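Fold and geometry: a report
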Amino acid sequence: MTKHYWKSAILTILLGNQIIGMAAVRATENPKRTACQIKKELACAGVVITPDSRFLDELVTHYLNRIPLETAPPDLTVTEAEQVRDRFIEKLTPILGQRIGYKAGLTNKTAQERFNISHPLRGILLEQMLLPSGSIVPANFGARPLFEGDLIVRVGSDAINEATTRQEVLAALDAVIPFIELPDLIYDSGVKLDAADLIAINVGARLGIVGEPIPLAATPEWQERLGKIQIVILDETGKELATGTSNALLEHPLDVVLWLRDDLKSVGKRLKKGDLLSLGTITPLMPVESGKTIRAQYFGLTEQDAVELSVSFE
């Protein structure tokens, strides 16, 4: 290495130490400044703060052992949460397989209000997270297991990365797939969560039940139909548990696809052919009960009868 390289490296280290020292002095002068404010100032100055690996290790352990986390990490920024999520996925990939797509969380106004968040969040789907209809799943499949009526679309063309309208998005998709998501919030129910806390746990992605792909066509009729899909959730006795309509997804499911695409673009990523996109909560999130069978009926996906999925909890 050249003398110039080492000189630059030493200056960088000294500058970083100086900035951190100044932050510490300001913290002493104003003890009411939070750790989060200090981290933001350091980030603006170009100093990268790495998330505490202890929380990541704890998250992985609790996820794999299905034990609720009793606390959320304090003052976790969105940027740090995204770093935790990505490292979390790296540790899960050898167990759950490669990435097969993405999930958009909190695309439903009711869900946003529940967590006091005004925008969607992005997670990652891995191969072994998806199960066929009729699967039997442990009632304690997660640390804090839930279920909801959801919807998946499949990317059919890389042209989706340049789409600007709903119709152009539709033309770049090749299938819609009924989906009962089985998310896991991981944190104990008494923990108050914010956007960063949810991003860190990969927006609760754990499992999901998928039906057969239904081919899409780039027609006005299909665009209208996608915005009017109805889901009815029933138990094994036929009792209705919840209902929802796909216009709850940012007013139209194709708008969720645009949001996901743009969110990925903002970090230099592109969608590709075959990616599966989970679009979010259509029905309310509901707790899992052992011995129950859940049936989700989708009306509007075909011109004939409803499409039905089921999952049993043991």
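Residues numbered from 1 in each chain as written. Predicted model: local features only at pLDDT ≥ 70, side-chain atom pairs only at ≥ 80, totals over all residues. Heavy atoms only, no water.

1. With respect to the side chain of D150
Positionally, D150 belongs in strand β5 (residues 146–155). Buried within the structure, D150 lacks any salt-bridge partner; K103 is the closest side chain of opposite charge, at an N-O distance of 6.0 Å. A distance of 3.0 Å separates a polar atom in the side chain of D150 from a polar atom in the side chain of S278. At 3.1 Å, the side chain of D150 forms a polar contact with the backbone nitrogen of G280. Beyond its immediate sequence surroundings of up to four residues, D150 is in contact with F179, E181, I231, S278, L279, G280, I282 and Y298. (Helix = DSSP H or I, 4+ residues; strand = E, 2+ residues; numbered from the N terminus. Buried < 20%, exposed > 50% of the residue type's maximum accessible area, 1.4 Å probe, protein only. Lys, Arg positive; Asp, Glu negative; His and termini not counted. Salt bridge = Lys/Arg side-chain N within 4 Å of Asp/Glu carboxyl O. Polar contact = N/O pair within 3.5 Å; in protein donor to acceptor, adjacent residues only side chain to side chain. Contact = heavy atoms within 4.5 Å.)

2. Examining the nonpolar core
Counting residues in each nonpolar core, the largest one holds 85 residues, and the members touching the most others are L173, V176, L182, L198, L277, Y298 and F313. Apart from the residues within four sequence positions on either side, L198 is in contact with L106, F115, I117, L121, L185, L193, V203 and G204. One finds L130, I152, I177 and V210 within the second-largest nonpolar core, a separate group that totals six residues. (Core = buried A, V, L, I, M, F, W, Y, C linked by side-chain atoms within 4.5 Å.)

3. Here's the deal with the packing of aromatic side chains
Counting across every chain of the model gives three aromatic pairs. Centre to centre, the rings of F141 and F313 are 6.3 Å apart; their planes meet at 25°, and the pair counts as stacked. Note that F141 is positioned in the loop between β4 (135–137) and β5 and F313 in strand β14 (residues 307–313), a separation of 172 residues in sequence. Judged on exposure class, the residue F141 and its partner F313 are both buried. Within the aromatic cluster, the residues linked to one another by ring pairs are F141, F147 and F313. (Phe/Tyr/Trp six-rings, centres within 6.5 Å; stacked < 30°, edge-to-face > 60°.)

4. Comments concerning unusual backbone geometry
Of note in the backbone geometry, I186 takes a positive phi value of approximately 65° without being a glycine. Following the sequence through the fold, I186 ends up in the loop between β6 (173–182) and α7 (195–200). Notably, E251 is not glycine yet its phi reads approximately 80°, a positive angle.

5. Remarks on the sheet that holds β14
One open sheet accounts for five strands, arranged β4-β14-β13-β9-β10; its pairing is mixed. Lying at the two open borders of the sheet, with one neighbouring strand each, are β4 and β10 (240–245). Ignoring strand direction, the axes of neighbouring strands in this sheet form an average angle of 20°. The sheet contact formed by β4 and β14 spans three bridges and is parallel. Its bridge partner lying in β14, S135 is registered against V311. (Pairing = 2+ DSSP bridges. Axes fitted to C-alpha atoms, helices over the stretch in contact; angles between N-to-C directions.)

6. Some remarks on helix α9 (residues 253–265)
Look at α9: 19 Å from first C-alpha to last across 13 residues, which is about the 18 Å you get at 1.5 Å a residue. Restricting attention to buried positions, one finds in α9 the residues P253, L254, V256, V257, L258, L260, R261 and L264. (Expected span 1.5 Å × (residues − 1).)

7. Examining the pairing of strand β1 (residues 99–105)
Consecutive side chains along a regular strand alternate between the two faces of the sheet. Across the seven residues that make up β1, a large majority, five, are buried. Pairing of β1 with strand β2 (residues 121–126), which is carried by six bridges, proceeds in the antiparallel orientation. Each residue of the ladder has a partner; that of R99, found in β2, is L126. With three bridges connecting them, β1 and strand β11 (residues 276–278) associate as parallel partners. Note on β11: the bridge partner recorded for K103 is S278.

8. Comments concerning the confidence of the model for the chain
Looking at the chain as a whole, the pLDDT averages 86, with 83% of positions reaching at least 70. For the stretch residues 1–39, pLDDT sits under 50, and the model shows 25 contacts to residues farther than four places along the chain or on other chains. For residues 45–49, every residue scores under 50 in pLDDT, and the model assigns this stretch nine contacts once sequence neighbours within four places are set aside. (pLDDT = per-residue confidence, 0-100.)

9. Brief notes about the pattern of salt bridges
A pair can form between side chains of opposite charge whenever their charged atoms are brought close. According to the stated counting rule, one finds 14 salt bridges in the structure shown. Between K292 and E236 there is a salt bridge whose closest N-O contact spans 3.6 Å. With K292 in the loop between β12 (286–287) and β13 (293–299) and E236 in the loop between β9 (230–234) and β10, the pair connects residues that are 56 residues apart, well separated along the chain. K292 gets classed as partly exposed once you look at its relative accessible area, which sits at 26%. Residue classification places E236 among the partly exposed residues on the basis of a relative accessible area of 37%. Salt bridges sharing partners connect three or more residues here, namely R99, K272 and D275.

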